[in-house]
Amino acid sequence: MTDPRAIALDLVSAEAAAPGARAPESAAPAARTNLFDLDRASLERFFEETLGEKKFRAHQVMKWIHHRYVTDFAQMTDLGKALRAKLEAHAVVHAPQLVFDKASADGTHKWLLGMDPKNAIETVYIPDKGRGTLCVSSQVGCALNCQFCSTATQGFNRNLSTAEIIGQVWIAARHLGNVPHQQRKLTNVVMMGMGEPLANFDNVVRAMSIMRDDLGYGLANKRVTLSTAGMVPMIDRLAEESDVSLAVSLHAPFDELRTELVPLNKKYPLDQLMEACVRYARRKKSSVTFEYTLMKGVNDQPQHARALARLMRQFDNAVQMKDAAKVNLIPFNPFPGTRFERPDETAIRAFQKLLNDAGLIAPVRRTRGDDIDAACGQLKGQVMDRTRRQAEFRKQLQARGVGHEATR
Ligand code: SAH
């Protein structure tokens, strides 16, 4: 099954196989604006310029959509009949298609959402001691080709629209019975699903603005985190245009190794990346999280821990803030066909201890939801790949005797 078109069909069969899955709705008519695409500023403009209405009407509609999960204008009872008819003519509220969802034994929940007839992505909810974190995707597939990430094996198809990004939050929040400001099931969003969020800058920034808006999901700025593999110029743009927590996928303290794991490092090597992070931390007066996926025998040796500690101390000094650098250690999550392995527990502890001894906070992020393939780097969705990377990966797997089923 190396023909990408065949993968598209999987969406249809997945639907048939999943009990309770709903029939696909028709796509949003092109002429009408999907209100999920608009944050507060653009929705106000839409009301004033397109509908000739007052701004505060936009606020009412936002509450209907994001607080009460109503998408049918007829049910928006505090709007006059004439306005509802006008909305009907010019707008839709069109969410991604729920293909299926799955609950894990540990409370983690995963949704497979169809974005168009050919592409689906995954969204994951992780409840933990008084907080609920949603891991949101920004692209269908990913173009960066990080060697240890399952999404990379899918290749890249396209950016998600603002509607498709905030639609993930909407579907999860509705499922959880989240009531912003009251019944908070959803307390944090991390842009750590499929894709490189800074490669889809405008749509991601607009969606994050809805997440942080009181008329949207009301999340505090610090509770929305964008994770990047290190697109340096876009980190600076993010500092200017948004206000969220920054996480950077580091994974190696040396350029040579990092380039091998995260090919983007060739374009934006460590010194440039760290300088951009310093500018971000200074401007936002906030810490930056550095994610470090531990891979056995690859980046988990004492020399790596020591060099990482040095890099983090340099960062603290440059920002002139204690604990400006926070490290998250993520034990590698395996997926079929990968050449990497998770280090054993003693190696993980030893690595962490070296960092702690150097005065660094470095929690080990325990894997959640791995019984439903919902852990970091295991998200795949189903992608109609235009780069043919997926077909190549499948060919490699077949050559090595890893069956096709194992790649699903
Ligand atoms: N493109 C963005 C966001 C997606 S990845 C980025 O690179 O940050 C979210 C996090 O999961 C990143 O830190 C990524 O490096 C990590 N990750 C990817 N694959 C993994 C795997 N197989 N095991 C553990 N962590 C992984």
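Residues numbered from 1 in each chain as written. Predicted model: local features only at pLDDT ≥ 70, side-chain atom pairs only at ≥ 80, totals over all residues.

### Topic: the sheet that holds strand 9 (residues 188-191)
1) Next: Spatial ordering of the open sheet is given by 3-4-5-6-9-10-11-12-13, a layout of nine strands whose pairing is mixed. On the outer flanks of this sheet lie strand 3 (97-103) and strand 13 (325-331), each paired with one strand and no other. Each strand axis lies, on average, 20° off the axis of its neighbour in the sheet, ignoring direction.
2) Next: Bridge count for strand 6 (residues 131-135) against strand 9 is three bridges, and the pairing is parallel. Note on strand 9: the bridge partner recorded for L134 is V189.
3) Next: Packing against the sheet, helix 5 (residues 162-176) makes contact with strand 3, strand 4 (109-116), strand 5 (119-128), strand 6 and strand 9, and its axis sits at approximately 140° to strand 4.
4) Next: Across the face of the sheet, helix 10 (residues 302-319) comes into contact with strand 12 (288-294) and strand 13 while running at roughly 150° to strand 13. (Pairing = 2+ DSSP bridges. Helix = DSSP H or I, 4+ residues; strand = E, 2+ residues; numbered from the N terminus. Axes fitted to C-alpha atoms, helices over the stretch in contact; angles between N-to-C directions. Contact = placed C-beta atoms within 7 Å.)

### Some details on unusual backbone geometry
1) Next: You will see that Y69, though not glycine, has its phi angle at about 60°, which is positive.
2) Next: Mapping Y69 onto the fold places it in the loop between helix 3 (55-66) and helix 4 (81-90).
3) Next: Here N145, not a glycine, exhibits a phi torsion of approximately 65°, which is positive.
4) Next: Here N145 shows up in the loop between strand 7 (139-141) and strand 8 (156-159).

### Concerning the nonpolar core
1) Next: The biggest cluster of nonpolar side chains holds 103 residues, and the ones touching the most others in it are V169, M211 and C277.
2) Next: The biggest single contributor to this core is helix 5, with eight residues.
3) Next: Counting contributing residues per domain, this core is built from domain 1 (30-92) and domain 2 (97-407), each supplying no fewer than three.
4) Next: If we ignore the near neighbours within four places in the chain, the residues touching C277 are I235, V248, V288 and F315. (Core = buried A, V, L, I, M, F, W, Y, C linked by C-beta atoms within 7 Å. Buried ≥ 20, exposed ≤ 12 C-beta atoms within 10 Å, placed from the backbone. Domains from an automatic or database assignment.)

### Describing the pairing of strand 5
1) Next: With eight of ten residues buried, strand 5 is to be regarded as a mostly interior element.
2) Next: What sits between the antiparallel neighbours strand 4 and strand 5 is a turn of two residues.
3) Next: Between strand 5 and strand 6, which pair antiparallel one after the other, the connecting turn spans two residues, and K129 there sits at a positive phi close to 30°.

### Quick notes on the packing of helix 7 (residues 232-241) against helix 9 (residues 270-284)
1) Next: Orientation of helix 7 relative to helix 9, taken along the N-to-C sense of each, is 5°, at an axis distance of 9 Å. In terms of axis orientation, helix 7 runs roughly parallel to helix 9. Residues V232, I235, D236 and A239 of helix 7 form the contact with helix 9, whose participating residues are Q272, L273, A276, C277, R279, Y280, R283 and K284.
2) Next: For the contact of helix 7 with helix 9, a count of residues per class yields seven nonpolar, one polar and four charged. (Parallel < 35°, antiparallel > 145°, perpendicular 65-115°, else oblique. Nonpolar A, V, L, I, M, F, W, Y, C, P; charged D, E, K, R; others polar.)

### Section: helix 7
1) Next: Turning to helix 7, its buried residues are M234, I235 and L238. Down the axis of helix 7, the buried set is contained in an arc of 110°. They therefore lie on one face. For helix 7, the exposed residues set more than 90 degrees away from the buried face come down to P233 and E240. (Arc of directions from axis to C-beta.)

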